[in-house]
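Each chain, letter by letter, is given below.
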Amino acid sequence: MRATGPGYCAAMPVQPLAPTPDALARAAETLRSGGLVAFPTETVYGLGADATDDRAVAKIFAAKGRPHFNPLIAHVPDADAAARLVRFDARAERLAARFWPGPLTMVLPRRDDCPVSLLAGAGLSTLAVRVPAHPLALDLLRAAGRPVAAPSANRSGRVSPTTAQHVEADLGDRIDMILDGGACVVGVESTVLDLSGPQARVLRQGGVAQETLEEVLGPLASGGAPGVITAPGMLESHYAPDLPLRLNATAARNNEALLAFGPEEPEGFVETLNLSSSGNLAEAAANVFSYLRRLDRIGLDGIAVMTIPERGLGRAINDRLRRAAAPRGQARSVA
Ligand code: TXA
Ligand code: MG
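Residues numbered from 1 in each chain as written. Chains lettered and ligands numbered in written order. Predicted model: local features only at pLDDT ≥ 70, side-chain atom pairs only at ≥ 80, totals over all residues. Heavy atoms only, no water.

What follows is about the overall build of the protein. Scanning the protein from N- to C-terminus turns up 9 helices and 15 strands. The C-alpha radius of gyration computed for the protein amounts to 19 Å, which stays within 12% of the reference 20 Å derived for 335 residues, consistent with globular compactness. Counting only C-alpha atoms and orienting by the principal axes, one finds that the protein spans roughly 60 × 50 × 35 Å. For the protein, with 335 residues in total, the buried portion stands at 58%. Taking as baseline every contact in the protein between residues at least 6 positions apart, the subset at least 24 positions apart corresponds to 68%. (Helix = DSSP H or I, 4+ residues; strand = E, 2+ residues; numbered from the N terminus. Rg over C-alpha atoms; globule rule 2.2 N^0.38 Å. Buried < 20%, exposed > 50% of the residue type's maximum accessible area, 1.4 Å probe, protein only. Contact = heavy atoms within 4.5 Å.)

Turning next to helix α6 (residues 164–171). Those residues of α6 not exposed but buried are A164, H166, V167, D170 and L171. Axial view of α6: buried residues confined to an arc of 155°, hence all on one face. The secondary structure elements touched by the buried residues of α6 are β1 (16–17), β2 (37–39), β3 (46–50), α2 (54–64), β8 (177–179) and α8 (281–295). (Arc of directions from axis to C-beta.)

Our next topic: the packing of aromatic side chains. Evaluated as defined, the whole model comprises 1 aromatic pair. Each ring, one from F88 and one from W100, has its centre 6.2 Å from the other, and the planes form 65°; the classification is edge-to-face. With F88 in the loop between α3 (79–83) and α4 (90–99) and W100 in the loop between α4 and β5 (104–109), this pair connects stretches of sequence that are 12 residues apart. Assigned by exposure class, F88 and W100 land together as buried. (Phe/Tyr/Trp six-rings, centres within 6.5 Å; stacked < 30°, edge-to-face > 60°.)

Let us look at the confidence of the model for the protein. Per-residue pLDDT for the protein averages 91, and the proportion of residues at 70 or more is 90%. Between residues 330–334, whose pLDDT stays under 50, and residues either more than four places distant or in other chains, the model counts 19 contacts. (pLDDT = per-residue confidence, 0-100.)

Judged by how many residues are buried, strand β13 (residues 256–260) sits mostly within the fold: 5 of 5 residues are covered. Going residue by residue along β13, you find E256, L258 and A260 tucked away on one face and A257 and L259 tucked away on the opposite face as well. Pairing analysis gives 4 bridges linking β13 to strand β14 (residues 271–274), with the strands arranged parallel. Across the sheet, the residue bridging to L258 is T272, located in β14. (Pairing = 2+ DSSP bridges.)

The next point concerns the side chain of D50. Counting through the fold element by element, D50 comes out in strand β3. On the basis of relative accessibility, which here comes to 3%, the residue D50 falls in the buried class. For D50, the contacting residues outside a window of four places in its chain are L31, A56, V57, R146 and P147.

Below, the structure written as structure tokens:
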């Protein structure tokens, strides 16, 4: 084990490992002994630590440069394991049955005997829980035998990683292991749904579309309640590439790259990547973070983005693009 102190241990960079049974067993052992393991989920790669171990959780915040007020999601292999951490109600039962494993995170009241570190939950009386739909993640969670706190495995404020190579580039010198499970199929993070009060509220748009949740729950509120900080990670500028981003672009400006969507691509850009030339929002979500990384190249002046429809997974894509385009500096970047 390399990372032993409360901070990260800048040692030899680690390289992504093929997910052999041996690598998986070592990853589970690394988690159990307080280390940091990056692993694939269906949404983005997570940076995992034993959620019940304060020192291990502290290493996540240190490696990412993440402010401690921003709570982490506890990952578990099934709904029974989640129900040992938080208090389920009838809505949560229905949602778990329909969407788990899958890209839905539920924020619920912590149980009195919840073993998750208060640091992981940023001291809140609620806890975010999720069962990821990735065979490797589920195997790792079962083998670890405890809840795993895992934010996206990027440095705070940067674009989330959808391949093991993205994780290596951002955090390879700060963590103990990277399990390589290939590219993430969903590509945007889970939907964060607050079920801690009577009115369910979408705190973060993500891999389960709000419209799909509404089939189960009826009309949903989204965003924070007026004047109230509900999802600490959602207030800030975020997901930022180095280059400035320009939204709803229809024509080229000098020395720009284009992030296109749909069959009609405007001409005149230095380079163009099309999120989905057929206009498929699921395909666009799977591509958005890796294309932002690829277009974020030295020598260009900016990235222009075409309009993406605000429905289905388009809501999550637009949310990430708006944050990426938000003014830097005045807002802090957090997750
Ligand atoms: O898809 C995902 O959710 C990925 C993969 C790795 O599972 N994880 C992820 O974690 O995106 P992170 O830490 O980057 O984002 C978690 C979000 C943050 O906006 C955080 O503020 C919010 O969930 N959150 C966590 N616990 C919360 C709580 N108790 N109440 C409100 N918001 C919470
Ligand atoms: Mg994140």
